[in-house]
Amino acid sequence: MCGIVGYVGFQDCPLILLDALKRLEYRGYDSAGIAVIQNGRLLCHRTVGKLINLERLLLTQPVSGHIGIGHTRWATHGAPSEINAHPHVVDKVAVVHNGIIENYVALRQELEDKGTRFSSQTDTEVIAQLIALYLKEGNSFEEAVCNTIARLEGSFALGILCADEPETLIAVRQESPLILGFGEGEYFIASDAPALLPYTKKVHFMNDGEMAVITPTGVTLKDFSGNLLPYEVTEIPWSPLLAEKAGYKHFMQKEIFEQPRAIIDTFRGRIYPNKGEVVFEEFNLSQEEIKEIEKIWIVACGTSWHAGLVGKYMLERLCRIPVEVDLGSEFRYRDPIINKKMLLVLISQSGETADTLAAMREGKRKGAKTLAICNVLGSTIARECDYVIYTHAGPEIGVASTKAFTTQLTVLYLLTLYFAKRLGKLDEMKVKEYLSQLMVLPGKIEKILDDTKSIEELAIKYSKVEDFLYLGRGVYFPIALEGALKLKEISYIHAEAYAAGEMKHGPIALIDENMPVVILAPKGETFEKIRSNMEEVLSRKGRVIALTEPECQEIAAKAEDTIFIPPLENSFLKAILLTVPLQLLAYYIAVFRGTDIDQPRNLAKSVTVE
Ligand code: M6R
């Protein structure tokens, strides 16, 4: 979704703004712009499309100044066009906005009735128009902003400049993420931490209802009524290098290859293999409280929802607690039956997904305890939940989620062992065994990553196909869903996933000699069943791409193509392992199709609108 950056300090800022915007590219956007105050004048440049267009414009029409704001826009109100791009400038005011102004139609009408002429179709322009109006009425910059905010309904993170006060940047947060960065004699704002990593790791995560007045001498934090507030500076633990491509062609490729490290970082410090123990610093329910949990709800969107589906298998199987998994966008509209004896687990890489956030608030309102499984420190979901367990994947820049997913599964696995031990469902010996299996997982993933040639060859072979079917059973069904999602997101190939037993109830009609069917067929309790499903596909001449283990040669003998994963006993961990070749297959197919892998069309990394 939209990305906001801003700078106040001693350096010439257009290039800093541009660089910071590039670091937010992964959020998804269709136009971009910056506004800078140069010698007391507000100068604004906006372009449609990628940031390179803005960069080119700035080469031919350079600007210079020590204070500025920048924006990447993901269109919601009004088509992607230069006129609708941010910043929106009205008289001496420039505004960048992330979020949605729900009452903008009424505000626009009111302003138009007073003779205001609008130049864009956006909801954001009402903000710039209102501030300009309040300034004309004799208010100071800060007063004009406060008066405007009081009129707005909806979600808004704002960066605002006013040429009358050429040393002041005002930042506002209400239900849309915004952080303040603290450098030496310079200050920043950004939607997300990766934008600031090369400049500073010291940040304040703004809370809803906060307004920051930023000048070269410091930051004053206030509520919307102008009362002073304290701010809390947090150090972001991510190295700037983690947000670079480091020689890989795409962030997605780098993030796939980072998974062994990310998984280790996620379990490191939380497991005591010799004691058969899992501990979470940030989640410390007593044994009694755990025993009182009647039901676990897992709510998430997209890939994180797939992680939740895998989590259900783990938790129900080993802890014997009923688990229901729901989509963030559905949960709150069906009046879910939820009470204080239930634990609501929200899974979100970004911690800012609007649907998941709304589900969390609904669950809290109904009295449930809330636990976030989240990757982004200080994100809204992480802060608003009663408890948080961070995945330590590091910044995920590629829009298609990869290492976030496998680290979410790692946390769910740890959480399962944590509960199972405290509920007396697993003894120390058994937890030790599960932990030792987890510890070999990163090495097994390395093995897959060490030799991707055969998957690349398969990708060439299938890159021209327009439909794919993915089948899995049990805990491998959500992995099939995730494999299909990866393929469609980045290659734009239509891909569907089914629980293999469900195929005969409809999707089987699709199978003919042109249909590739990816079948997850590792050893284990559902092996015989999935083998039969494979036969059903073969007898209709479907092209089977099987994922299996070296021991299962009978599968390889029948499939058109086979991808072998290293052998592993534990089916939950095998689900994580199987994810990796599916990510690689999707990635290489997209490479051969020449799509925009890190920023696929129409997608945003952090979906902060409903
Ligand atoms: O940040 P979140 O985990 O809450 O995001 C949820 C989905 O938007 C996200 O997983 C999306 O489906 C990805 N593009 C998947 O690759």
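Scoring rules and cut-offs
- Residues numbered from 1 in each chain as written.
- Predicted model: local features only at pLDDT ≥ 70, side-chain atom pairs only at ≥ 80, totals over all residues.
- Heavy atoms only, no water.
- Near = heavy atom within 4 Å.
- Polar contact = N/O pair within 3.5 Å; in protein donor to acceptor, adjacent residues only side chain to side chain.
- Areas by Shrake-Rupley, 256 points an atom, 1.4 Å probe, with all protein chains shown as cover.
- Helix = DSSP H or I, 4+ residues; strand = E, 2+ residues; numbered from the N terminus.
- Nonpolar A, V, L, I, M, F, W, Y, C, P; charged D, E, K, R; others polar.
- Buried < 20%, exposed > 50% of the residue type's maximum accessible area, 1.4 Å probe, protein only.
- Contact = heavy atoms within 4.5 Å.
- Pairing = 2+ DSSP bridges.
- Domains from an automatic or database assignment.
- Buried area = accessible area lost by both parts, 1.4 Å probe.
- Salt bridge = Lys/Arg side-chain N within 4 Å of Asp/Glu carboxyl O.
- Axes fitted to C-alpha atoms, helices over the stretch in contact; angles between N-to-C directions.

Notes on the site of the ligand
(1) Moving on: What surrounds the ligand is a group of 13 residues, the closest being S304, S348, S350, T353 and E489.
(2) Moving on: The separation between an oxygen atom of the ligand and a polar main-chain atom of T303 is 3.1 Å.
(3) Moving on: Contact between the ligand and S348: an oxygen atom at 2.6 Å from a side-chain N or O atom of the residue.
(4) Moving on: Isolated, the ligand exposes 410 Å² of accessible area, and the fraction of that covered by the protein chains is 92%.
(5) Moving on: If you list the elements that add at least two residues to the shell around the ligand, you get α9 (302-319) and α16 (477-491).
(6) Moving on: Here the shell around the ligand gets 3 residues from one element, more than from any other, and that element is α9.
(7) Moving on: Partitioned by chemical class, the residues of the shell around the ligand number 3 nonpolar, 8 polar and 2 charged.

Focus: the side chain of T356
(1) Moving on: Examined against the element boundaries, T356 turns out to sit in helix α11 (residues 354-365).
(2) Moving on: What makes T356 buried here is its relative accessible area of 0%.
(3) Moving on: Setting aside anything within four residues of it in sequence, one finds T356 in contact with V299, A300, C301, G328, L346, I347, S348 and I381.

Section: helix α1 (residues 14-22)
(1) Moving on: Residues of α1 that are buried: P14, I16, L17, L18, A20 and L21.
(2) Moving on: As for α1, its buried residues are in contact with β1 (3-8), β2 (31-38), α2 (51-60), β4 (67-73) and β10 (187-190).

Some points on the sheet that holds strand β5 (residues 88-90)
(1) Moving on: One open sheet accounts for 7 strands, arranged β5-β6-β7-β8-β12-β13-β14; its pairing is antiparallel. Each edge of the sheet is formed by a strand with only one pairing partner; in this case those strands are β5 and β14 (228-229).
(2) Moving on: Taken together, the 3 bridges between β5 and strand β6 (residues 93-101) define a ladder with antiparallel strand orientation. Among the inter-strand pairings, V89 is bridged to a residue of β6, identified as A94.

A word on the domain arrangement of the chain
(1) Moving on: Examined at the domain level, the chain breaks down into domain 1 (3-236), domain 2 (246-448) and domain 3 (451-598).
(2) Moving on: In this structure, domain 1 and domain 2 have C-alpha centres spaced 34 Å apart.
(3) Moving on: Each partner contributes to the interface: domain 1 provides 12 residues, whereas domain 2 provides 12 residues.
(4) Moving on: Here domain 1 meets domain 2 over a buried area of about 870 Å², counting both sides, of which 57% is carbon and sulfur.
(5) Moving on: For the domain 1 face of the interface with domain 2, the top three residues by lost area are Y26, R173 and F205, together amounting to 50%.
(6) Moving on: The shortest N-O distance in the salt bridge between D208 and R361 comes to 3.7 Å.

As for the sheet that holds strand β25 (residues 516-520)
(1) Moving on: The strand order across the open sheet built from 5 strands is β24-β23-β25-β26-β27, with neighbouring strands paired in parallel fashion. Sheet topology places β24 (494-499) and β27 (561-564) at the edges, where each strand pairs with a single neighbour. In this sheet, adjacent strand axes meet at a mean angle of 20 degrees when their direction is disregarded.
(2) Moving on: Note: strand β23 (residues 467-472) against β25, 3 bridges, orientation parallel. Bridged to Y470 within β25 is V518.

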